[in-house]
Amino acid sequence: MSAQVSFTPGQHTRDSPQLTLVPPVRSTVSTVGFALIVMALVALGMGLVMVVTTSVAAQSRELSSLRTEATQLDYTAAALTTQLQNTSSSASLALRASDLGMVPNPYPAFIRLSDGAILGDPTPVKGDEAPYLRRLQQNTAATPQVSAATPGQSLPVAPGADR
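All values reported here derive from a predicted model rather than from experimental measurement.

### Structural notes on the overall build of the protein chain
In terms of helices and strands, the protein chain carries two helices and two strands. Along the protein chain, helices and strands appear, N-terminal first, in the series α-α-β-β. Per-residue burial over the protein chain gives 2% buried out of 163 residues. Put simply, 25% of the contacts in the protein chain that link residues at least 6 apart link residues at least 24 apart. Here the protein chain displays about 15,600 Å² of accessible surface, and carbon together with sulfur accounts for 63% of that area.

### Brief notes about a nonpolar patch on the surface
Together, Phe34, Val38, Val42 and Met46 make up an exposed nonpolar region whose accessible area comes to about 400 Å². Mapped onto the secondary structure, Phe34 falls in helix H1 (residues 31-87).

### Thoughts on the side chain of Ser92
Inspection of the secondary structure puts Ser92 in helix H2 (residues 90-99). Ser92 sits in the buried class, given a relative accessible area of 17%. A polar side-chain atom of Ser92 sits 3.2 Å from the main-chain carbonyl oxygen of Thr87. Excluding anything up to four places from it in sequence, Ser92 contacts Asn86 and Thr87.

### Focus on the pattern of salt bridges
Scanning the model with the defined rule gives one salt bridge in all. Residues Arg112 and Asp115 are paired through a salt bridge, measuring 3.1 Å at the closest nitrogen-oxygen approach. Accessibility expressed as a relative area gives 38% for Arg112, which makes it partly exposed.

### Here's the deal with the confidence of the model for the protein chain
With 69% of its residues at a pLDDT of 70 or more, the protein chain shows a mean pLDDT of 78. The secondary structure element of the protein chain with the lowest average pLDDT is H2, at 83, and the one with the highest is H1, at 95. Across residues 138-150, where pLDDT falls below 50, the model places two contacts with residues more than four positions away in sequence or in other chains. In this model residues 153-163 is a low-confidence stretch, pLDDT under 50, and it forms two contacts with partners more than four residues away in sequence or in other chains.

Definitions and cut-offs
Residues numbered from 1 in each chain as written. Predicted model: local features only at pLDDT ≥ 70, side-chain atom pairs only at ≥ 80, totals over all residues. Heavy atoms only, no water. Helix = DSSP H or I, 4+ residues; strand = E, 2+ residues; numbered from the N terminus. Buried < 20%, exposed > 50% of the residue type's maximum accessible area, 1.4 Å probe, protein only. Contact = heavy atoms within 4.5 Å. Areas by Shrake-Rupley, 256 points an atom, 1.4 Å probe, with all protein chains shown as cover. Patch = residues over 30% accessible without salt bridge, like charges linked within 9 Å, V, L, I, M, F, W, Y side chains within 5 Å. Salt bridge = Lys/Arg side-chain N within 4 Å of Asp/Glu carboxyl O. Polar contact = N/O pair within 3.5 Å; in protein donor to acceptor, adjacent residues only side chain to side chain. pLDDT = per-residue confidence, 0-100.

Laid out in structure tokens, this is it:
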């Protein structure tokens with residue numbers, strides 16, 4: 001049930017387009033021009049690579065500097081945290097209280113706030129109950145005084161000391 005259509009060259013039908021030869025296109029860019037364009041593109045690419053590399057190197061140096069600064073700040077923060085913990089410790093508080101003339105009381109008494117009852121026996125302290133909890137006061141009379149030697153006078157040397 002297919003229809004056969006016979007076609008002879010030179011015969012045109014209404015539905016078929018007419019084909020013609022296209023003249024060859026002449027290149028407007030010569031071989032030298034093409035080589036120059038390729039060289040310009042390569043030079044432009046190399047220039048862009050240099051710019052990007054320089055930018056990355058500068059950012060790398062800045063990053064290294066910032067990391068060093070961050071490390072130093074971490075060390076400073078750790079030192080300050082340690083100093084704060086030492087200052088706020090109970091031993092440090094006891095030493096500062098001792099410097100203010102306060103003495104520890106080994107016989108504490110407590111007040112129960114719910115009914116006001118006193119738990120324990122409140123005993124006044126004399127100040128010498130717990131000398132190991134107080135900072136020892138330096139006695140200036142007990143420390144030996146060192147005098148400067150005059151020229152020509154020799155100072156005593158401890159036995160076994162190197163001369």
